[in-house]
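Below, each chain spelled out in residue letters.
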Amino acid sequence: MFNYSTLESIGMEKLHKTFIEAFSDYQVKFDLPILKFQQMLQRRGYVSKASIGAFENNALIGFLLNGIRYWDGKLTAYDTGTGVIKTYRKHGITSNMFFNTKQLLQEMGVEQYLLEVIQSNISAVRLYKKQGFETLREFECFNLDKNKYKHTPTAEYEVQHINSITKNDWKEFSKFWDFKPSWQNSIDSVNDASDTFVYSIIVIDNTIVGYGIIDKYTGDIPQIAVDKNHRGKGIGRSIFTDLLKNTESDNIKVLNVDNHCDSMKDFLLNLRFEQNVSQYEMVLKL
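All figures in this text were calculated on a predicted structure; none of them were measured in a lab. (Residues numbered from 1 in each chain as written. Predicted model: local features only at pLDDT ≥ 70, side-chain atom pairs only at ≥ 80, totals over all residues. Heavy atoms only, no water.)

## Side note on the domain arrangement of the protein
The domain architecture assigned to the protein consists of domain 1 (3-110) and domain 2 (142-277). Domain 1 puts 15 residues into the contact, and the matching count from domain 2 is 19 residues. With both sides pooled, the region where domain 1 packs onto domain 2 buries about 1500 Å², and carbon together with sulfur makes up 53% of that total. A per-residue breakdown of the area domain 1 buries against domain 2 is headed by R43, R69 and W71, which together make up 50% of the total. Along the contact surface separating domain 1 from domain 2 lie three salt bridges. A salt bridge links R69 to D192; the shortest N-O distance between them is 2.9 Å. Joining domain 1 to domain 2, the criterion identifies 11 residue pairs in polar contact (both at pLDDT 80 or more). Mapped onto the side of domain 1 that touches domain 2, the elements with two or more residues apiece are α2 (34-43), β3 (59-71) and β4 (74-84). For the side of domain 1 that touches domain 2, the element with the highest residue contribution is β3, accounting for five residues. (Domains from an automatic or database assignment. Contact = heavy atoms within 4.5 Å. Buried area = accessible area lost by both parts, 1.4 Å probe. Salt bridge = Lys/Arg side-chain N within 4 Å of Asp/Glu carboxyl O. Polar contact = N/O pair within 3.5 Å; in protein donor to acceptor, adjacent residues only side chain to side chain. Helix = DSSP H or I, 4+ residues; strand = E, 2+ residues; numbered from the N terminus.)

Next comes the structure, spelled out in structure tokens:
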């Protein structure tokens, strides 16, 4: 009844159309015109030959989109999006796509399969556990209406912009982290979509002591961090205020904050972010 194959021959417009249709009733509303969809796939390392589509009479009715990169030193696939058009659900399509995907990834030498799933999406969590996925971390996601943000500076710092982040910069910036960023917020993800971001830094005594990154179009902040020796002085807030000026989106998002990281959660809540979604980060050893 249904056929399954990889997606090399599927154009971006058809893929986007099916994606929007499949996620039309999702728990989180998607504002994803085709340009943003392309940028999302680029950022997450999408590989069409590692991704599976479900077809009925050559019509794409479901998909399992994957990125491929090294993660923790292992060749890893990342589930960038799994969806089935509503009228085709409850026919085992998602399970069949996973079966085909696991075989495909093993043939490609992929060692593990990583994904995130909303905790309240019980049916999806149950499916992934049935497939053998195990929970690695719990994430919290936050959003803020830019128009409601009131900047109340405790101290003002001059914020500078850089065109890109060098390998040496990343090495220093990673020392500021309180947790390792998730796949879509990782160094590789930022580098793969580098032209969509604005990079804000604060320099004291010729040394960068804090940085932040924001998507110019979507308002997504994949990373913001301050040197542990310079916290509590308003540096993070100064960077954040600058980031808001450099995105066209009114909806500011910080996704996948490690649930154990109270420092980041407190920082965001003090900026009047609201916590709106909780996710599991899950992995399957292949």
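The structure having been displayed, the exposition proceeds.
## Considerations on the side chain of T101
Position of T101 relative to the elements: it lies in helix α3 (residues 93-107). Aside from chain neighbours lying at most four places away, what touches T101 is I52, L64, N66 and Y113.

## Considerations on the nonpolar core
Counting 28 residues, the largest nonpolar core has F98, Y113, V117, Y128 and F133 as the members making the most contacts within it. Elements supplying a minimum of two residues to this core: β2 (52-56), β3, β4, α3, β5 (112-118), α4 (122-130) and β12 (274-285). Looking at which element gives the most residues to this core, the answer is α3, with five residues. (Core = buried A, V, L, I, M, F, W, Y, C linked by side-chain atoms within 4.5 Å. Buried < 20%, exposed > 50% of the residue type's maximum accessible area, 1.4 Å probe, protein only.)

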